Amino acid sequence: MLSIKKEVKKKKKTTENIKVLTWQEKKSLADKEEEALVKGIEMFRTWTNMFDSMEDEQLKEYLQNRPDNMKTTMVSKSAPTKRERDAKSKASTSNTIMASVWKFHQEEHDETSATSSV
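Computed from a predicted structure; not experimentally measured. (Residues numbered from 1 in each chain as written. Predicted model: local features only at pLDDT ≥ 70, side-chain atom pairs only at ≥ 80, totals over all residues. Heavy atoms only, no water.)

Chemist: With reference to specific residues and values, describe the overall build of the chain.
Modeler: Across its full length, the chain carries 4 helices and 0 strands. Taken from the N to the C terminus, the helices and strands of the chain come in the order α-α-α-α. Expressed as a percentage of the 118 residues in the chain, the buried residues total 1%. If you sum the accessible surface of the chain, you get close to 11,800 Å²; carbon and sulfur atoms cover 59% of it. (Helix = DSSP H or I, 4+ residues; strand = E, 2+ residues; numbered from the N terminus. Buried < 20%, exposed > 50% of the residue type's maximum accessible area, 1.4 Å probe, protein only. Areas by Shrake-Rupley, 256 points an atom, 1.4 Å probe, with all protein chains shown as cover.)

Below, the structure is given as structure tokens:
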């Protein structure tokens, strides 16, 4: 019984801490997010335009002199996952089944053509 009272008190405290936003506050938050996105898009456009305007030599220089944190690292191929291995085994099983079905139909076709020619 005592623990139930503690849980009720905790729920009351958490509901008191939740602030209900008015539509004006929500709109201002959305506007701020929109401004941040527009700014990020503009920065990206200027960055890509900078690369478009560079000559080959300038691009080579940029690649050699860029900061270490912006350099790409070669990612080695990882071992196939279990899902990929299962997909491969299912495909080979499916091919085996289809080969058997095709053989059966061919044998059946050969039998019917042999009996019709007699």
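The rest of the description comes next.
Chemist: Could you give an account of a negative patch on the surface, naming the residues involved and the relevant values?
Modeler: Taken together, the side chains of E55, D56, E57 and E61 present a region of like negative charge at the surface. Note that E61 resides in helix 3 (residues 56-65). (Patch = residues over 30% accessible without salt bridge, like charges linked within 9 Å, V, L, I, M, F, W, Y side chains within 5 Å. Salt bridge = Lys/Arg side-chain N within 4 Å of Asp/Glu carboxyl O. Lys, Arg positive; Asp, Glu negative; His and termini not counted. Charge placed at Lys NZ, Arg CZ, Asp CG, Glu CD.)

Chemist: Now, about the packing of aromatic side chains: what can you tell me, with residues and values included?
Modeler: Per the counting criterion, the structure on display carries 3 aromatic pairs. Plain terms: the ring middles of F44 and W47 are 6.2 Å apart, the flat faces sit at 35 degrees to each other, and that makes the pair tilted. You can see F44 and its partner W47 sitting in helix 2 (residues 23-53), 3 residues apart, about one turn around the helix. Residue W47 is classed as partly exposed on the basis of its relative accessible area, which comes to 39%. Ring centres of F51 and Y62 lie 5.0 Å apart, and the angle between their planes is 75 degrees; this geometry places the pair in the edge-to-face category. With F51 in helix 2 and Y62 in helix 3, the pair connects residues that are 11 residues apart, well separated along the chain. Owing to a relative accessible area of 22%, Y62 belongs among the partly exposed residues under this scheme. Each member of the aromatic cluster is reached from another via a ring pair, and the members are F44, W47, F51 and Y62. (Phe/Tyr/Trp six-rings, centres within 6.5 Å; stacked < 30°, edge-to-face > 60°.)

Chemist: Describe the confidence of the model for the chain, naming the residues involved and giving the relevant values.
Modeler: Across the chain, the average pLDDT comes to 76, with 60% of residues at or above 70. Of all secondary-structure elements in the chain, the lowest mean pLDDT belongs to helix 1 (residues 2-17), at 63, while helix 2 reaches the highest, 93. (pLDDT = per-residue confidence, 0-100.)

Chemist: Give a description of a nonpolar patch on the surface that names residues and reports values.
Modeler: On the surface, a nonpolar cluster with roughly 400 Å² of combined accessible area is contributed by F44, W47, M50 and M70. When you line up the elements, M70 lands in the loop between helix 3 and helix 4 (82-117).

Chemist: I'd like a rundown of the pattern of salt bridges, residues and numbers included.
Modeler: If you walk through the whole model with that rule in mind, you get 2 salt bridges. Residue E42 pairs with R45 through a salt bridge whose shortest N-O separation is 3.4 Å. Pair noted here: E42 and R45 are both in helix 2, with a separation of 3 residues, about one helical turn.

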